[in-house]
Amino acid sequence: MKLSDIGVRVEGGGPPGGLGGGAVAILHEVLAMLERLLRTGEEAAIDLRSLPMAPGELDALAAALGQGEVDAVFDGGGRSRVRETAVHGVWWVEHRDPDDEIIASFIEITTVPAILITDPADIRRGIDGLRRRLAQDAAGREERGGQANG
Amino acid sequence: MDPLLSFARGPMLQIAIAVFCFGVLWRLLAVFLLRHRRSRSPARHGRLRALIEGALVAGTRSWPHKVFIRRTGYGEALGYGYHLGLFIVILLFAPHIVFFKGIIGVGWPALPSSLINIIAVLTLALLLAVLVRRVSKPVLRMLSNFDDYFSWLLVTATVVTGLMATAHLGGPYHQLLAWHILSVDALLIWFPFGKLMHAFYIFPSRVINGYTLARKGGAS
Amino acid sequence: MAEPDETQTVGEVLAAQGISRRSFLKFCAATASMLAMPPLMGRAMAKQLASMRRPSVIYLSFQECTGCLESLTRSFSPTLETLIFNVISLDYDDTLMAAAGEAAEKAKDEAMRKNRGRYLLIVDGAVPMGNGGVYHTAAGRSAEQILREAAKGAAAVVSVGTCAAFGGLPLADPNPTGAVPVSRLVTDKPVVNVSGCPPIPAVITGTLVHYYTQGKLPDLDGHGRPLVFYGNSIHDRCYRRPFYDKGQFAKTFDDEGARNGWCLWELGCKGPVTYNACATLKWNDGTSFPIESGHPCLGCSEPGFWDGGSFYSPLATGKWGRAGEMRPKEVAAIAGPAAGVGALVGAGAAAWARGRRRHSEQDSGGEED
């Protein structure tokens, strides 16, 4: 095993020059939101598209928050990526359209972003689908059993 | 297109330019075609030499004589200052050059817009200083009439609205631009009927005076 | 078009189309972001929309080129905009619907009756009033009659495109058909103008979504356009602004400046006086917008932009004559005669002054030179 094969996870540290003012302000806001989440369970989010950021500041922010344990991808009208940052409870949600252009970008302060939770309506569809599948399977086995016998 | 802006740069501008051309030609010819009193003394110099000397006088008389500098130097400097500023801003700002290109068919290189902005602000400061001087010096105040103040107002309004438009300060841009163009329209209409006509009179006037005096041998 | 089962909710329709609630939540989150709503609004939006009956929408087209509808429905890949057609029940659209003739008209009357007071009326195209409105007739009735009748039972009216919002091309000089904007005829219902030639699809979608989730039209500017999309001018958000500020302008379409992406002011850009979301939302799923592609902004979301002077005449120049271009010839045509008249008056004044002098003085007259 080579040294480079050992996985290394870097805790969020800023770029060498330090963070820009905008990124620092957002991080302070995130801190306040996290404290509120712990205290009252209240969720919060920041729309990254609504903030005027200097070029590179967004990357500095992402680097500051770092990458956590969870990295989820879902495909619905384009790829969306949901990952927990190195700061637990702080999630980075990025939605893209079928042309891979970013259409929305959020920082969510929550136990789990709503987009990962399965909606009961979708569960009901899942139930219907699975039931149908099992019924078809049973019918198929019966037919095959019947054929085998006679 | 905002109706006020459309009006300002459309029909109003056409009217303004028409009135300007009409007025300037009228006043120029009404003055230059007047009779001159015949000079009774014999001519000291030939016409050509008199013309050249007269033209030189137009230059040498453009700054006060040493004796008067203490009294009039400040006012003269202010005047030259804002005239220079106005020329630079009007003739060397890219959007203005585009405007003139529409009139005469050719353009010319522009100065960087940031430099123009600085000069425009300085020009505005000088214009304000000039007004202060006019109202604070008693004799000057007594001599001042509507023409003096109104001409000053139109020029200053044009500079102010121009600065506001460039800085996008004080309202939606189309409104700022409309007011700037309306100021220019007003200035063009007033131009031939007030003291602003000095722009056309001043050099011919000095040259003619110089020529007349030179013929008599009195110019220097 | 109208689903056979009109009691289905939006959520049920989505399910039938194979679109998961998760995907719908993504659509709502992106739309909420675009509408500058609070970030968590997407969830409330998704919940509200999914549980409501598909709202009825009547789409009327008058003097238009169909560009606005094309903008909304044509896409290179399924986009968020087409999702809106899963939310609404488009009960009448003479371009999209399969039915035609009397059957289509009956469907419209039926939908208007069933949803009276609740349906949204979307209109594109201007309404011609000249000669009794004869320039646009369908099923024997004029556009004005059709519009007035449809507006009576509508909850609100959305004028899509500059033609419906401000009269657009039909209203441009000389306006031979007597075209008027929709807002001129509909004065007793809330009207929102989603202008543009065509409007950006996401702007249309966003306005509709806002209406359905908030229950009212978004905040409007002085021209009745949603402030969230039309609050800034193109110039305010243009990425070429640094070049404008420095005074670096392209002079022709293929010179060094144009190649370097300099400001297009001198080529006639109307960005400073045009309010729209082109510079931020852009076109074709954020691909580009006219200025980014090297062409000056036409000002297509503003009233009277067709009569605002040549598209290639800079804002700094005047707007002369029908063509709207200020050129030496055009200027001379006015300045010349004016100067001529002035010269005559001046000469006359001088002659008069001379005549007076001659009478009052003794000398033999004649002048120096």
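Values in this document were obtained by computation on a predicted structure and should not be read as measured data.

Caption draft 1: Fine view of the overall build of chain C. A tally of regular secondary structure across chain C gives 17 helices and nine strands. In terms of overall dimensions, chain C has a C-alpha envelope of 110 × 50 × 30 Å along the principal axes. The proportion of buried residues among the 369 residues of chain C is 54%. Restricting to contacts in chain C with at least 6 residues of sequence separation, those with at least 24 account for 74%. About 15800 Å² of surface is accessible on chain C, with carbon and sulfur atoms providing 54% of the total. Distance between charge centroids for chain C: 5 Å, based on 37 positive and 38 negative side chains.

Caption draft 2: Broad picture of the interface of chain B and chain C. The interface is formed by 43 residues belonging to chain B together with 56 residues belonging to chain C. Summing both partners gives a buried area of about 4100 Å² for chain B against chain C, and 61% of it is carried by carbon and sulfur. In this structure, the connection of chain B to chain C is made through zero salt bridges. Taken together, the links from chain B to chain C amount to nine residue pairs in polar contact (both at pLDDT 80 or more). Every element with two or more residues in the side of chain B that touches chain C is listed here: helix H1 (3–9), helix H2 (11–32), helix H5 (94–104), helix H6 (113–136) and helix H9 (173–190) of chain B. Per element, the largest residue contribution to the side of chain B that touches chain C is ten residues, and it comes from H2(B).

Caption draft 3: Structural context of the confidence of the model for chain A. A residue-level look at chain A finds 80% of positions with pLDDT of 70 or above and a mean pLDDT of 83. A low-confidence stretch, residues 10–16 of chain A stays under pLDDT 50, and its non-local contacts, those more than four residues away or across chains, total ten contacts.

Caption draft 4: Representation of the sheet that holds strand S3 (residues 79–84) of chain A in the model. Residues and elements named next belong to chain A. Judged by pairing direction, the sheet is antiparallel, and its five strands sit side by side in the order S1-S5-S4-S3-S2 without closing on themselves. Across the chains shown, the open sheet's two edge strands, defined by having one partner strand only, are strand S1 (44–47) and strand S2 (71–75). The average undirected angle you get between the axes of adjacent strands in this sheet is 20°. The strands touched by helix H2 (residues 57–65) are strand S4 (90–96) and strand S5 (102–109); relative to S4, the strand with the most contacts, the crossing angle is about 135°.

Caption draft 5: Just the arrangement of the chains, in detail. The interface with the highest contact count, out of two pairs of chains in contact, is the one between chains B and C. Left apart from each other, chain A and chain B have a closest C-alpha approach of 20 Å.

Caption draft 6: Representation of the interface of chain A and chain C in the model. In this complex, chain A contributes 31 residues to the contact, which on the side of chain C involves 20 residues. Carbon and sulfur atoms supply 55% of the area buried between chain A and chain C, which totals about 2100 Å² over both sides. At the boundary of chain A and chain C, one finds three salt bridges. For the salt bridge of A:Glu43 with C:Arg43, the shortest nitrogen-to-oxygen distance reads 2.7 Å. Between the two partners, chain A and chain C, sit 13 residue pairs in polar contact (both at pLDDT 80 or more). Across the side of chain A that touches chain C, the residue classes tally to 13 nonpolar, six polar and twelve charged.

Caption draft 7: Representation of the sheet that holds strand S7 (residues 154–160) of chain C within the structure. Residue and element names in this part refer to chain C. Within the open sheet, the five strands sit side by side as S2-S1-S3-S7-S9. Their pairing is parallel. Here the strands that pair on one side only, and so sit at the sheet edges, are strand S2 (89–93) and strand S9 (191–194). In this sheet, neighbouring strand axes are inclined to one another by 20° on average, regardless of whether the strands run parallel or antiparallel. Bridge count between strand S1 (residues 56–61) and strand S3 (residues 119–124): five bridges; the pairing is parallel. By the bridge assignment for S3, valine 57 is matched with leucine 120. On top of the sheet, helix H7 (residues 143–152) reaches S1, S3 and S7; it is set at about 155° to S3, its chief contact.

Caption draft 8: Region of the structure containing the domain arrangement of chain A. Split by domain assignment, chain A resolves into domain 1 (19–112) and domain 2 (116–145). On a C-alpha basis, the centroid separation for the pair domain 1 of chain A and domain 2 of chain A is 36 Å.

Caption draft 9: Summary view of the environment of A:Ala114. Along the chain, A:Ala114 turns up in the loop between S5 and helix H3 (120–149). Overall, the relative accessible area of 17% leaves A:Ala114 in the buried class. With residues near it in sequence (within four places) discarded, A:Ala114 still touches A:Glu108, C:Leu25 and C:Arg43.

Definitions and cut-offs
- Each chain has its residues counted from 1, running along the sequence as written.
- Lettering for chains starts from A, numbering for ligands starts from 1, and both go in the order in which the items are written.
- Where local features are concerned, this predicted model is filtered to residues with pLDDT of at least 70; where side-chain atom pairs are given and counted, the filter is 80 or more; whole-chain, interface and lining totals use all residues.
- Note: side-chain values were computed over all heavy atoms of the structure, leaving out hydrogens and water.
- Strands here mean DSSP runs of E at least two residues long; helices mean DSSP runs of H or I at least four residues long; both are numbered from the N terminus.
- Note on classification: 1.4 Å probe, protein chains only; a residue is buried when its accessible area is under 20% of the maximum for its type, exposed when over 50%, partly exposed between these limits.
- In this analysis, two residues are considered to be in contact whenever any of their non-hydrogen atoms come within 4.5 Å of each other.
- The protein chains shown are the only cover counted for residues, whose accessible areas, like all others here, come from Shrake-Rupley with a 1.4 Å probe.
- His is not counted, nor are the chain ends; Lys and Arg add positive charge and Asp and Glu add negative charge.
- Every charge is mapped to an atom, namely NZ of Lys, CZ of Arg, CG of Asp or CD of Glu.
- Each of two parts loses accessible area, computed with a 1.4 Å probe, when they are put together; buried area is these two losses added.
- Within this document, salt bridges are pairs made up of a side-chain nitrogen of Lys or Arg and a carboxyl oxygen of Asp or Glu, the two lying within 4 Å of each other.
- Two N or O atoms form a polar contact when they lie within 3.5 Å of each other; inside protein one atom must be a possible hydrogen donor and the other a possible acceptor, and for residues adjacent in sequence the pair counts only when both atoms belong to side chains.
- Per-residue confidence from the predictor is given as pLDDT, running between 0 and 100.
- Two strands are counted as paired when DSSP detects at least two bridges linking them.
- The axes used here are C-alpha line fits, helices contributing only the stretch in contact, and every angle between their N-to-C directions lies in the interval 0 to 180 degrees.
- Basically, the charged four are Asp, Glu, Lys and Arg, the nonpolar ten are Ala, Val, Leu, Ile, Met, Phe, Trp, Tyr, Cys and Pro, and anything else, Gly included, counts as polar.
- All the domain ranges listed were derived from an automatic or database domain assignment.

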